[in-house]
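A structural walkthrough
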Amino acid sequence: SSLFPSVLPSLSPFALTLPLGPHSLPSKISGLLIPPPSPNGFTVLCLHGHGPCSTMFTWCRFWARLVEEGYRIIAVDAPGFGRSGGRTGQANLWRQDDGKLVVELLEALEVERGKCHVMGQCMGAAMGMRGFVRGGEYFSGSFVFHNATIGTWEKEFEEGKGRVLAWHEVDEDHMREAVGYKNLKRMAKEDPKNVTYIDNEEYRRSGKEEEVLDLESVSTGDVKISRTDIVSYKDPTPETIERVVDFFSRPPINKNAALKSSPLEKSNVTAIEDSKVDASSRVKVYIKVRPFLKRESDKSCITKISDTAITVKGLEYKFSKIITNETAADDYVLGDSTNFWEPERGGTKIVFAYGQTGSGKSYTIRQIIRSLETKWQQEDDVFQPESMMVKYVQIYNENLLDMLHENRQINRLEDAIELSYGVNELTKVVELTNERHRTTSSTGMNDTSSRSHSLLYISVPGGSTLCIVDLAGNERISRSGVTGQQLKESININSSLSHLIRTLNSTIDTKSKFIPTRDSLLTTLLSPVFKLKCQVTLLACISPCEDNVRETIGTLKFAAGGTYVGARKKKKRAKDGFEKLTDDEVGSLRLSREKSRGLSVRGKMVNELGIFVRGMEMEADELPEVEAEAEDAEAEAEARGETNLVMLHYYGSCAVEIGSRCCWSDGELLELCDGLRLGAGAGGRVRVIVPDLPGHGKSLGKISSKPMKDNLSDICKTFLEPLLNHFGCDSKTVIYGYDFGAGLAMSATQVLANRFEGLIVHNGSYRLSGNETLAFRKGFVREVLWTDSLWHTKEKALMFGRLLLLHLKGLKKDTKEKNIRKLSEEEVVIKIAAVLEKVARIS
């Protein structure tokens, strides 16, 4: 409080969760928001440096003066620092996404585009540069850097023609040989008008004392806001503060070469107007215009409206239907959803409402559910369900809550779509979705504003599922006036909606090779919308009020982009290798893929088998995209189809408690799958299936204290064969066994010989008698892997090598034994990928 007493009363702490790092792991980001009493429209983003005592308070001595001038302050703790989550000081775990962190933070806090200044210290300067490169439209082009540190210079930052005020105080961590020092000093020589770079020590030596920017590093103890209970901050002279304020007061530079406009902002043309979709399109987009509220003026932002077109501020948008009547939405939105239970018309259908807060989304969704109930009752001669399965969840502050079970938190995504609540009366659905289950509160824009996204899943006999989604409304924090807990809610709402917009951009952008559906809980649950796997109805709700014109145009642009989902042309893939398949074989292949979609790294219980299974399927759209000129490679990849890898862990010990995680944690399994995806040649699909052995982990069954006396062939028939059948592993399957799992894997290749094309033995610990014989058909792929440990010696590895590899023709005995060598973890993944590649090529 002694550092910034004048702004202390207006401090608003916030926290949001962002997926960062190579595996998009959720990272909690903590920060402060300081609104000025008389805003000038600009925001100053404060980013700290690297060090155990570094926190969001690095620039706190500048805050009072900046707020006095009308600047809004945003200060954050980077992951691993201060109160943010993450491993202490380990910036390398998320550095590749620091630009993404900055941009998504600005989106979540609704920073006005072109109005963000940056103050970056040490690594904070690098974060600011990379944020500018990634989302230049948010930045004013004014940057203040102290001891800027960056590993690889961002040429695009230099090309963005920003204005920089930077100074350097040489110490053991910030040397003149550093990349940031050399490049910023060069920029100052080449463009002295816009870039000022001050080496304080050099300026003092040359008599330019008056131009030196003094900034003393100060530490204070007994403050519980950092990882060390000691907080460091920069204490500037009054002259330095005024120099920075004066620098920010200059007109912003808008000649930003890094400025990027998204497909949603380029045009108001929809796919309907563009003749890229027809009436049979799997995506329908409707616009719902709510009536004026009593507290609103009658001044409308809509200048023209018809059945299929709407004009706002001179821009005309064309959609499937413009709905103005309060009750007319039901018939258009539901369409044929009342017939979704018919098996031949089944699958997944999603209806979701998007729009600003107070635009009537929740009201319309409730009307749709009631109308759905009425239509079902009217057609009870066609549809008489014995039972329905219902799941009703909400995403609140990036937590998944089960609203049918007192908002119990759901920790696994798979459980969110596991329909576990049975009802046998249609009226029950309406009762269960009563609004009292939903988190709401009053804001300056809406008296009953939904503070969460809700998803209602309804499944009926025949396997069809209808999902009805009511998204929380996007809102400008400056207009809603929220603080405290409501501010945290707004930030998380805006963040998840930004992810949704970014995912839609990637879907409709023909240059995009990746659709980031895993970047948030919302986009993960809505991933079928973007991956061409379901019928979609988008209901975009807008307000006609002139005060809401900015939000209305934003919603219409989102809806216009939504019309292109499914209209994006995919490259025609060659069908070599599939032309000889019969209809039954194609159906079997589709069935196997459909079943495999239940796989996840976190795992799921296969109830009918009593087996807990983890894994992953790397589908064609997740594999690196094959360029158009490589048609032969693409045809070959398609012909390879799907390769399965079944992985068996060791027996007993800690495996009884944690199952397959004794060998591969969730993170290690994810790394393994990523490695296999990159190393599995030119394509096809790779599916990894990792079960817990009977009686181990979460799998049911008894465990014997003397496993070697068990009949392994019985285990193969009662455990492995049903597992293979469930996942449709009929060909191109490799079985991998670690330790005792190797013995079970070898037995499986003999008992279920026609189910496997390859065998991998890793650190085999099965007790060989020396008299075993194994029979393998011609072309069967075998590999023996050895990673040294106390229990796994080279002698054991050689025993398995002699048993498995001596049958291979063309290799001398000593050559085969030399192939058994100690491998690193990286080499193990390469070896496994090589086996999968060989099996994939088997015709």
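Since this is a predicted model, take the numbers as computed values, not measurements. (Residues numbered from 1 in each chain as written. Predicted model: local features only at pLDDT ≥ 70, side-chain atom pairs only at ≥ 80, totals over all residues. Heavy atoms only, no water.)

**Quick look at the packing of aromatic side chains**
For clarity, the threshold we go by: Ring geometry is summarised as follows: Phe, Tyr and Trp rings, the Trp one being its six-membered ring, pair when their centres sit within 6.5 Å, and such pairs are stacked at plane angles under 30 degrees, edge-to-face over 60 and tilted between the two. Burial classes: relative accessible area under 20% of the type maximum marks a residue as buried, over 50% as exposed, and values in between as partly exposed (1.4 Å probe, protein chains only). Working rule: Lys NZ or Arg CZ, within 6 Å of ring centre, within 35 degrees of ring normal, means a charge sits over the ring.
On inspection of all chains with the given rule, the structure shows 17 aromatic pairs. Between Trp59 and Phe62, the ring centres sit 5.5 Å apart and the planes meet at 65°, which makes this aromatic pair edge-to-face. A centroid spacing of 5.8 Å and a plane angle of 50° characterise the contact between Phe247 and Phe248, whose relative ring orientation is tilted. Exposure class is identical for Phe247 and Phe248. Each is buried. An aromatic cluster is defined as three or more aromatic residues linked by ring pairs; in this entry it consists of Phe132, Phe139, Phe143, Phe145, Trp153 and Phe157. For Lys115, the ring lying beneath its charged end belongs to Phe42, and the centroid distance is 5.1 Å. Taking the ring centre of Tyr203 as reference, the NZ or CZ of Lys208 above it sits at 5.0 Å.

**Considerations on a negative patch on the surface**
Our working rule: Patch definition: residues with relative accessible area over 30% and no salt bridge; like charges joined within 9 Å; nonpolar side chains (Val, Leu, Ile, Met, Phe, Trp, Tyr) joined within 5 Å. Computed by Shrake-Rupley with a 1.4 Å probe, the accessible areas treat only the displayed protein chains as cover when residues are assessed. Basic side-chain nitrogens of Lys or Arg form a salt bridge, by our definition, when they fall within 4 Å of a carboxyl oxygen of Asp or Glu. Charge convention: Lys and Arg are scored as positive, Asp and Glu as negative, and His as well as the terminal groups of each chain are ignored. Charge positions come from single atoms, namely NZ of Lys, CZ of Arg, CG of Asp or CD of Glu. Helix and strand assignments follow DSSP, with helices taken as H or I runs no shorter than four residues and strands as E runs no shorter than two, numbered in order from the N terminus.
A cluster of acidic side chains, namely Glu668, Glu671, Glu825 and Glu826, defines a negative patch on the protein surface. Only α21 (666–679) and α26 (825–840) provide two or more residues apiece to the negative patch. Looking at the element boundaries, Glu668 is found in helix α21. Overall, Glu668 belongs to the partly exposed group, its relative accessible area being 42%.

**Some remarks on the pairing of strand β32 (residues 781–785)**
Counting buried positions along β32 gives five out of five residues, so the element sits mostly inside the fold. A two-sided burial pattern is seen for β32, the buried positions comprising Val781, Glu783 and Leu785 on one face and Arg782 and Val784 on the other.

**A short note on the pattern of salt bridges**
According to the stated counting rule, one finds 22 salt bridges in the structure shown. The partner of Arg65 in a salt bridge is Glu242, and the shortest N-O contact between them spans 2.7 Å. Taken together, the residues Arg65 in helix α1 (residues 60–68) and Glu242 in helix α7 (residues 238–248) connect sequence positions 177 residues apart. Residue Glu242 is classed as partly exposed on the basis of its relative accessible area, which comes to 37%.

**Observations concerning the sheet that holds strand β27 (residues 611–618)**
Put simply, the rule reads: Here the rule is simple: two strands pair whenever DSSP picks up at least two bridges between them. Working convention: axes come from line fits to C-alpha atoms, limited for helices to the stretch in contact. Angles between N-to-C directions cover 0 to 180 degrees. Residue contacts are counted whenever heavy atoms from the two residues lie within 4.5 Å of one another.
The strand order across the open sheet built from seven strands is β26-β27-β29-β28-β30-β31-β32, with neighbouring strands paired in mixed fashion. The two strands at the open ends of the sheet, each matched to only one other strand, are β26 (604–606) and β32. Mean inter-strand twist for the sheet, computed between neighbouring axes without regard to direction, equals 25°. Examined bridge by bridge, β26 and β27 share three bridges and lie antiparallel to one another. Bridging across to β27, Lys604 finds its partner in Val613. Seen against the sheet, helix α23 (residues 740–751) touches β28 (642–648), β30 (733–738) and β31 (758–762) and runs at an angle of roughly 150° to β30. Of the strands in this sheet, β28, β29 (685–691), β30, β31 and β32 are in contact with α26, which crosses β32 at around 175°.

**Some thoughts on the packing of helix α2 (residues 98–108) against helix α3 (residues 123–134)**
Quick reminder of the rule: Roughly parallel covers angles under 35 degrees, roughly antiparallel covers those over 145, roughly perpendicular covers 65 to 115, and oblique covers all other angles. Asp, Glu, Lys and Arg are counted as charged, while Ala, Val, Leu, Ile, Met, Phe, Trp, Tyr, Cys and Pro are counted as nonpolar; the rest, among them Gly, fall into the polar class.
Two elements in contact, α2 and α3, have axes separated by 7 Å at closest approach and are oriented at 70°. The angle between the axes of α2 and α3 places the two elements in the roughly perpendicular class. Touching Asp98, Gly99, Lys100, Leu101, Val102 and Val103 of α2 are Ala126, Met127, Arg130, Gly131 and Arg134, all from α3. Considered class by class, the residues forming the contact of α2 with α3 number five nonpolar, two polar and four charged.

**Section: the sheet that holds strand β12 (residues 302–305)**
The three strands lie next to each other as β12-β13-β14, forming an open sheet whose pairing is antiparallel. Edge strands, defined here as strands with exactly one partner in the open sheet, are β12 and β14 (315–318). Averaged over all pairs of adjacent strands, the angle between their axes in this sheet comes to 20°, without regard to strand direction. Pairing between strand β13 (residues 309–312) and β14: four bridges, direction antiparallel. Of the residues in β14, the one forming a bridge with Ala309 is Lys318. The strands touched by helix α17 (residues 549–562) within the sheet are β13 and β14, with β13 carrying the most contacts at an inclination of about 140°.

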